Amino acid sequence: MIKIIIAICALTMVANVSAQKDSTISIPKKTLLKKSIAPLSLITAGILLSDSSFEKSLNTTTRNWVGNDFKTSIDDYTRYAPVATMYIADLAGVQSKNHWFDQTKNMALSMLITDLITKAIKRGVYKIRPDRSNDNAFPSGHTSVAFASGAVAYEEFKHSNPVLAYSSYGFASITGGLRMANDKHWVSDVLVGAGLGILVTKIVYHFDYLFKWNPFLKSKNSVLVPNYSEGTVGLYFSKRF
């Protein structure tokens, strides 16, 4: 698992160097490396805690607290709550960083890339789930997708409405917590999933100046909403006449 954190750190540093070399385009003042500190810390913590006695003890404590027969499917829906939060805020007229099309573009990219990376790691890391249902526990896919979308909502509203921005991370955290309560994931799976989702979104937003094309910039009557289900990304389009 140490190889995973080395690979992710290397990818982040290469992306940061690539951005710094591009002097013809105005790039964000804050370096990608600084933006990556929090998610990389989550990933590192998750890797260090994986298979530890603390992790096993926390799992036992959590199950004893919620009950050994606890089971809920709410986490299947809370992972998409940040997406709903962002579009509801748009409809309510809350000021955002980007136009809805750019939001959708960043959301789709962040969720898709996060899902691909998560699945790739799952295939390469053998780790049994707490309930022993299968051996692809690491990292948590529900959590990584939830934090990817949560990070997009955060980026969009962190300056105009911090409460709304942080609430998206709240929904993502609830998703991670429920995965543990459902006995589907260990704390390390959740931490790494959260870190991956945030990291990918940070990278997407850092480089979004490279794909600013927006055919709907002057249109106020069209809406494009992403749909993500079981690893498949789709789009819903509507236009008001």
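Source: prediction; values computed, not measured. The residue numbers shown here count from 1 along each chain, following its written sequence. Reporting in this predicted model follows two pLDDT cut-offs: at least 70 for local features of residues, and 80 or more for side-chain atom pairs to be given and counted; totals over whole chains, interfaces and linings ignore these cut-offs and use all residues. Just so you know, side-chain values use all the structure's heavy atoms and leave hydrogens and water out.

### Regarding the confidence of the model for the protein chain
- Confidence of the predictor at the level of single residues is captured by pLDDT, which takes values from 0 to 100. Confidence in the prediction for the protein chain averages 84 pLDDT; 77% of positions are at 70 or higher.
- Low confidence marks residues 17-27, where pLDDT is under 50. Its contacts with residues over four positions away, or in another chain, come to eleven contacts. Residues are treated as being in contact if the distance between any of their heavy atoms lies within 4.5 Å.

### Things to note about the packing of aromatic side chains
- Here a Phe, Tyr or Trp ring, Trp counted by its six-membered ring, pairs with any other such ring whose centre lies within 6.5 Å, and the pair is stacked when the planes are under 30 degrees apart, edge-to-face when over 60, and tilted otherwise. Applying the stated criterion to the full structure yields five aromatic pairs.
- Ring geometry for phenylalanine 207 versus tyrosine 209: centroids 6.4 Å apart, planes at 35°, classification tilted.
- Aromatic rings pair up to connect Phe147, Tyr154, Tyr166 and Tyr169 into one cluster.

### Remarks on the packing of helix α6 (residues 81-91) against helix α8 (residues 141-157)
- With their axes 8 Å apart at the nearest point, α6 and α8 run at an angle of 25° to one another. Between α6 and α8, the interaxial angle falls into the category roughly parallel. Taken together, the residues of α8 that come into contact with α6 (itself represented by Pro82, Val83, Met86, Ala89 and Asp90) are Ala146, Ser149, Gly150, Val152, Ala153, Glu156 and Phe157.
- Each residue gets one label: Ala, Val, Leu, Ile, Met, Phe, Trp, Tyr, Cys and Pro are nonpolar, Asp, Glu, Lys and Arg are charged, and the others, such as Gly, are polar. For the contact of α6 with α8, the per-class residue count stands at eight nonpolar, two polar and two charged. Working convention: axes come from line fits to C-alpha atoms, limited for helices to the stretch in contact. Angles between N-to-C directions cover 0 to 180 degrees. Counting from the N terminus, the helices are the DSSP runs of H or I reaching at least four residues and the strands are the DSSP runs of E reaching at least two. For classification, angles of less than 35 degrees are called roughly parallel, those exceeding 145 degrees roughly antiparallel, those between 65 and 115 degrees roughly perpendicular, and all remaining angles oblique.

### Let's talk about the nonpolar core
- Here, nonpolar core refers to any group of buried Ala, Val, Leu, Ile, Met, Phe, Trp, Tyr and Cys residues whose side-chain atoms link them within 4.5 Å. A 1.4 Å probe rolled over the protein chains alone gives each residue an accessible area, and that area as a share of the maximum for its type sets the label: buried under 20%, exposed over 50%, partly exposed in between. Ranked by size, the top nonpolar core spans 21 residues in total, and within it Met86, Met107, Phe147, Phe157 and Tyr169 carry the most contacts.
- Mapped by element, the contributors of at least two residues to this core are α6, α7 (100-124), α8, α9 (162-181) and α10 (187-206).
- Considering each element in turn, this core owes the most residues, eight residues, to α8.
- What methionine 86 contacts, discounting residues up to four positions off in sequence, is Gln103, Met107, Val152, Ala153, Glu156 and Phe157.

### Some details on the packing of α7 against α10
- It is the contact of α7 with α10, at a shortest axis distance of 9 Å, that shows an interaxial angle of 135°. With respect to each other, α7 and α10 are oriented oblique. α7 and α10 meet at a crossing whose hand is right-handed. Two secondary-structure elements touch here, α7 through Asn106, Leu109, Ser110, Ile113, Thr114, Ile117, Thr118 and Ile121 and α10 through Leu196, Gly197, Val200, Thr201, Val204 and Tyr205.
- Of the residues assigned to the contact of α7 with α10, the class counts are eight nonpolar, six polar and no charged. Crossings are sorted by hand: turned counterclockwise from the far helix by less than a right angle, the near helix makes the crossing left-handed, and turned clockwise it makes it right-handed.

### Thoughts on unusual backbone geometry
- Looking along the chain, the bond that leaves phenylalanine 138 and enters proline 139 is cis, with omega of -10°.
- Inspection of the secondary structure assignment puts proline 139 in the loop between α7 and α8.
- Although it is not a glycine, aspartate 51 adopts a positive phi angle of roughly 65°.
- Mapping aspartate 51 onto the fold places it in the loop between α3 (37-49) and α4 (53-66).

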